[in-house]
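Examining the three-dimensional arrangement
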Amino acid sequence: MAEYGGMEPRSSIEHMASIKCLVDSHEIPTLVQMYRPLIVRCVKADDIVHHLEEVISTREKEEIIETQKQRGSTSAMDELIEMIDASAKDKKWSIFFEIIDKQGYRYISKALKGEEVSKNAYYMYKKVLMKNKMHLIEKLNPDELLPLLKSEGIIDQKDVENIQAEQANKGPMAATIVLLDRIWRKKENWFTSFLIVLINMEYSNIVEKIDPIFFEEWENKQKEMKSASKSKQTCVTETPVPITKESKPVQCSDAVECTFQETTPKYSPKVSSESYFENSDSTDFGPKLDPIELFSKESDSETVLYSRHDLHDSGNPPDANDEETNLKGNFSSESTSAKSVDNKQSPNMEGEETNLKKASQVISEENASNTSLEDEEGVLETFEERKYQTELARPAIQSKNCIIIAPTGSGKTIVAVKIIKHHLEINRQGRVKKIAFVVDKNNLADQQAKVIKRFVACRLKIVSGDSMRDEDFTDLSALLSKFDIFVITAQMLINAMDDKQLNITSFSLIIFDECHHCYGGHSFYKTLIPYHDLKQDEENEHILPQIVGFTASIGIGKAKSKGQAIDHIRTMMANLDADELVSVKENIAELADKMNSPDQSILKVPTRKVDEFGATIKALMFDTEKFLKAAEDQIEDKNGLNPPNTKGNEEYTQWLQNVLLKAVAKVTDPNLSSSLYTVRKYLEIYNEGLILYSYARACDALRVITQEIEALPRPSKSTTDLERRAKFLFENAKANLENSAADRQRSEENPLLLKLKQILLETYREESDMRGIVFVRTRLLAEIIADWMSETDDLKPIKAKKCTGAGAQITEGGMTKIELQKKKQKKTLDLFRIGDYKVIVATTIAEEGIDVKECNLVVRYNYAGNIISQIQAKGRGRADNSRFYILASEEKCVAEREWTISLKEPMMREAMEAIQEEIVVNNVTFQRKKQELQRLAKRRQEVVASNQGAKETSQGHCVIRCLKCNEYLCLSSEIRKIGSQNACISDDLKNHVFCKKSDKIIHDGKEITIGHGKFICRKCGEGLGNFGLHKEIYFPLPYIKTIKIEDDLKKGDTCKRWKEVEKKYFTPSPLTEEDLERIAGAGKLVDFD
């Protein structure tokens, strides 16, 4: 078995419809290999390792036991199978099989006999039971279930003893966790038996929750039997009793099913799973699993293992896109099995469809979207063969590195599928085929993986921040041999290479989705630095992966001429080591016929003519700026006190963040520092309010301004006179702001909103089943625009919903905010597709992510991007006669910038054609220039690395202070890294802050749980950070934006990110065991109030 090397075994049984072989046959290792993922998860290592003295040594047995203690049974079983495979003992697999059978692992035993086995034994555990795990843990009492579970053969005496021991030591909840881990492992139809046991013990409400169709069938059956009993006056009991081999019929009638009588010594269940489903066409409760059509779970990662040769032979390959249908099928097959003995017949397709529809009603959208992609199975799909897609794929299929450029909506992912399928199908001798499909964002990983799995027979793993967050085992080196394709975010790939889990040569093909990002310091570019390092030596050429990039627009960077555009594209090709720049040439007519290009309009919108609200805010800002003069004598850089004349724009924002904030950080007087900090905060709130006001209503801007000011620390004894005066200014102007915001005669409605309203209404009148996307810059604005639509009478029929990124990760009800937000996003997009929502208001992050073919309206709401973002946004309009509007306020010069961008698209096409011509006519020159650019990039990297090393400062030379009042907090030598978090381990910090505890969790990670409260400055009341719980110790985690770094020359500075601190001042050391011992010895770091 060892010679398979992680690939599917090839044998004489390869093309058989099913496997049936003898126990002593030479095919037993093949069956073990095929069912290995199931075996290692199902069989507990300590159940069998003690019985393998004839096969493995005592030392090896001890190693297995230690592995189970350290890493769990799955890893232990994996090692045990390797040891058996390496053993020279005769009949080792026969002995292994006999022990499996003897220990009660009945469906594993069936599999190793070559018999058909239901996939649902594990599938229902993962898909149904684990999704309801917490509910079961909270509700079940293991004590009362154990006798029935044992009598039903779901668990054995050893399981009972382990569960009882766990309950005695840790209580019923811990015992229930062990129980749930054991019940699925041995009996093939354990799920049905488990449901019956729950009903017997009056847990009907739980059964209804985890399998509503089973519950409904069971209830209906009871009603039928009661009714029949009354009408026929038979001797049937109100609730049927179990049927066993010893049961004898009491009475039968034509109208009533047979019932049986049995004497059960102590426990007599009301319903038996063996009787309830005795006459099912299946030996279990779901479709049969051909031993080659194997599902898999490697380590603790969620995976589907497909056998590629079987996808062509069986005609029934798995479908990655139909997980919900599979679940429905499982529910349905269980429910419909409970039929009369007189009604045995093969299910027809019509009945199956009815059951699927019925199941669909009981599976909530939340449960469906919570299912991870890797667990989905179904039928492999085919796609329409388009000549232009074949043309685009041709260079990559010829093993050339290339950049493929095709319009949004032309099916770039289908082109990628063609390339992937060919790459996996070509000669497998020599190098193992491994593919990395690299994406920029987590949501794109899910989206692209779904498409690939619809069409490609493969073992696929999603590796993203979202998919790996809750996995216990994330070492990609161990997963590499188990999968063909990794759909992976660029940052996760960089992390894995940095941690030496894998390297760039681990893959034979790397595909970059939206490859226009492979430029500058983007993570796409960083992933290829090891590639270019190896390429410097020609001897490494044969081990380098093929590189293929996809984009709708390669862009031109900051180019202002065709020559500069050519330089940009040439640099992009050098970064991706591309030899071909591919676009459709031969089949342009077909591409044009298949594409829908929206009509584009740039609408210049005037500003408000009457604007008392805006004038009042600006007056407040002018008056607040006067307070800065109090610091003129103590600030060296006088420019820090000279604000821009215009307000409510990006220029003012940059002055606040990059000039005034730096000036405040250099102030050493505590009172003046506190005053300037607060003044800057008021100016920041007003400026942000004005920016929002330019996009939205006055009432929206006022609400946000008021909320931000109310969130500032309340006045105290330490509050300075300037701080009180700044607050008084706002309070004095608040009534006027409220009145002007409500009065249209004093502050006009926003012209941008009026124009947007006009566009939406016109589109809706022309097509009542419209779909529209409004792109905005921020999550807050998306929420405000969606609310405005729902509050505007004319727009209420056009139901709108926001669709934004997740933002901060906050735990709510056991799920992170990111997880909840992803569910909401999926539900919103699904409802948008079917027309429940006619409009979604989305942030710019969705420009590369939303794909809805019904979309006939796209609006870009008052912001300028670049040529790439314009093409991406425009490409969201997929329907016939779709329209793309750019709403541009004349105040912001957005229209002018968008017109300029529109003119750059023809220049980009000309530059592309020039490069393509050079590749054909003078390829030697093209290759020479590409290599020169690669050498230049390498030299720049070396210079950057050298400069960065020179900037590093020794630990302990910096002081961390409160930015607002200059209060001392700790030394830089007292900052430690815990995962990605920066924590303070100073014993003295608690003397400078107040610590307030709460139950709110912001992030629940593996290494550290973040939240638990906040700590604020004792002197000024400013919020300085929250807490991280690590190894039962609360660590203060300072906010980078509310502290300042003071170097050994007493010069203060601020940083926007901790990475900036590491580059300029110091690099925190990782938390060590010595640190933990010292903290434990000194006492807690935090005193909660």
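Owing to the predicted nature of the structure, the values given are computational and were not obtained by experimental measurement.

Moving on to the sheet that holds strand β30 (residues 1069-1070). Sheet strands associate in pairs through backbone hydrogen bonding, adopting either a parallel or an antiparallel arrangement. Taken together, the three strands give an open sheet; going across it, the order is β23-β22-β30, and neighbouring strands pair in mixed fashion. Each end of this open sheet is capped by a strand with a single partner; those strands are β23 (981-984) and β30. Here four bridges tie strand β22 (residues 975-978) to β23, and the two strands are oriented antiparallel to one another. When the sheet's bridge partners are listed, Ile-975 is paired in β23 with Cys-984.

Turning next to the packing of helix α32 (residues 650-665) against helix α33 (residues 670-695). Relative orientation of the contacting elements α32 and α33 amounts to 175°, with a least axis distance of 11 Å. Comparing their axes, α33 and α32 come out roughly antiparallel. The segment α32 lies against α33, with Tyr-652, Thr-653, Trp-655, Leu-656, Leu-660, Leu-661 and Val-664 engaging Ser-673, Leu-676, Tyr-677, Arg-680, Leu-683, Glu-684, Asn-687, Glu-688 and Ile-691. The residue makeup of the contact of α32 with α33, split by class, is 10 nonpolar, three polar and three charged.

Where like charges cluster on the molecular surface, the positive patch consists of Lys-526, Lys-1041, Lys-1056, Arg-1057, Lys-1059 and Lys-1063. Structurally, Lys-1041 can be placed in the loop between β27 (1033-1038) and β28 (1043-1046). Take Lys-1041: its relative accessible area is 61%, and that puts it in the exposed class.

Turning our attention to the pairing of strand β10 (residues 546-551). With six of its six residues buried, β10 lies for the most part within the structure. Here β10 shows no split at all, with Gln-546, Val-548 and Phe-550 on one side and Ile-547, Gly-549 and Thr-551 on the other all buried. Note that strand β9 (residues 509-513) and β10 share five bridges and pair parallel. Bridging across to β10, Ile-510 finds its partner in Ile-547.

This part takes up the environment of Arg-459. Residue placement: Arg-459 occurs in the loop between α23 (442-455) and β7 (460-463). Residues Arg-459 and Ile-485 lie 26 residues apart in sequence; the distance between their C-alpha atoms is 6.4 Å. There is a polar contact of 3.3 Å between the side chain of Arg-459 and the backbone oxygen of Lys-482.

Taken together, the side chains of Glu-53, Glu-54, Glu-98 and Asp-101 define an acidic patch exposed on the protein surface. Within the secondary structure layout, Glu-53 lies in the loop between α3 (45-48) and α4 (58-71). Assessed through its relative accessible area of 52%, Glu-53 is described here as exposed.

Another aspect to go through is the nonpolar core. The biggest cluster of nonpolar side chains holds 69 residues, and the ones touching the most others in it are Ile-39, Met-77, Phe-96, Ile-108, Ile-183, Trp-190 and Phe-194. The leading source of residues in this core is helix α13 (residues 190-200), at eight residues. Ranked by size, the runner-up nonpolar core spans 48 residues in total, among them Leu-479, Ala-496, Leu-502 and Ile-547.

Another aspect to go through is the confidence of the model for the protein. Here the protein averages 76 in pLDDT, while 75% of its residues score no lower than 70. Averaged pLDDT values over the elements of the protein bottom out at 31 in helix α17 (residues 308-313) and peak at 95 in strand β11 (residues 580-582). Counting interchain partners and residues more than four positions distant, the pLDDT-below-50 stretch residues 233-377 has 332 contacts. pLDDT under 50 marks residues 808-815. Its contacts with residues more than four places away, or in other chains, come to 24 contacts.

Moving on, we get to the pattern of salt bridges. Under the counting rule described, the total for this entry stands at 45 salt bridges. The residue Asp-794 makes a salt bridge to Lys-757 at a minimum N-O spacing of 3.3 Å. On the criterion of sequence distance, the pair formed by Asp-794 in the loop between α37 (779-791) and β14 (800-803) and Lys-757 in helix α36 (residues 751-766) is long-range, its members being 37 residues apart. The exposure class assigned to Lys-757 is partly exposed, which follows from its relative accessible area of 21%. One network of salt bridges, in which partners are shared, links Lys-44, Asp-159, Asp-181, Arg-182 and Arg-185.

Turning our attention to α13. Working note: α-helix, 3.6 residues per turn, so residues spaced by three or four point in the same direction. In terms of burial, α13 is a largely internal element, 11 of the 11 residues being buried. Of the positions making up α13, those classed as buried are Trp-190, Phe-191, Thr-192, Ser-193, Phe-194, Leu-195, Ile-196, Val-197, Leu-198, Ile-199 and Asn-200. Downstream of α13 by a residue or two, Glu-202 has a phi angle that is positive, lying close to 65°.

Time to look at helix α10 (residues 142-151). Looking at α10, one finds that the buried residues are Pro-142, Leu-145, Leu-146, Leu-148 and Leu-149. As for α10, its buried residues are in contact with α11 (157-170), α12 (172-182) and α13.

The subject of this paragraph is unusual backbone geometry. Outside of glycine, negative phi angles account for most residues, and trans bonds account for most peptide bonds. With phi around 65°, Lys-500 is a residue other than glycine that occupies positive phi space. Assignment of secondary structure puts Lys-500 in the loop between α26 (490-498) and β9. The exposed category is assigned to Lys-500, whose relative accessible area is 72%. Phi is positive for Glu-514, close to 55°, though the residue is something other than glycine.

Once that is clear, we can look at the sheet that holds β10. Pairing in this open sheet of seven strands is parallel, and the strands run β7-β8-β6-β9-β10-β5-β11 from one edge to the other. With one partner strand each, in any of the chains shown, β7 and β11 form the two edges of the open sheet. Across the sheet, the mean angle from the axis of one strand to that of its neighbour is 15°, orientation sign disregarded. Across four bridges, the pairing between strand β5 (residues 402-405) and β10 is parallel.

Definitions and limits used
- Residues numbered from 1 in each chain as written.
- Predicted model: local features only at pLDDT ≥ 70, side-chain atom pairs only at ≥ 80, totals over all residues.
- Heavy atoms only, no water.
- Pairing = 2+ DSSP bridges.
- Helix = DSSP H or I, 4+ residues; strand = E, 2+ residues; numbered from the N terminus.
- Axes fitted to C-alpha atoms, helices over the stretch in contact; angles between N-to-C directions.
- Parallel < 35°, antiparallel > 145°, perpendicular 65-115°, else oblique.
- Contact = heavy atoms within 4.5 Å.
- Nonpolar A, V, L, I, M, F, W, Y, C, P; charged D, E, K, R; others polar.
- Patch = residues over 30% accessible without salt bridge, like charges linked within 9 Å, V, L, I, M, F, W, Y side chains within 5 Å.
- Areas by Shrake-Rupley, 256 points an atom, 1.4 Å probe, with all protein chains shown as cover.
- Salt bridge = Lys/Arg side-chain N within 4 Å of Asp/Glu carboxyl O.
- Lys, Arg positive; Asp, Glu negative; His and termini not counted.
- Charge placed at Lys NZ, Arg CZ, Asp CG, Glu CD.
- Buried < 20%, exposed > 50% of the residue type's maximum accessible area, 1.4 Å probe, protein only.
- Polar contact = N/O pair within 3.5 Å; in protein donor to acceptor, adjacent residues only side chain to side chain.
- Core = buried A, V, L, I, M, F, W, Y, C linked by side-chain atoms within 4.5 Å.
- pLDDT = per-residue confidence, 0-100.

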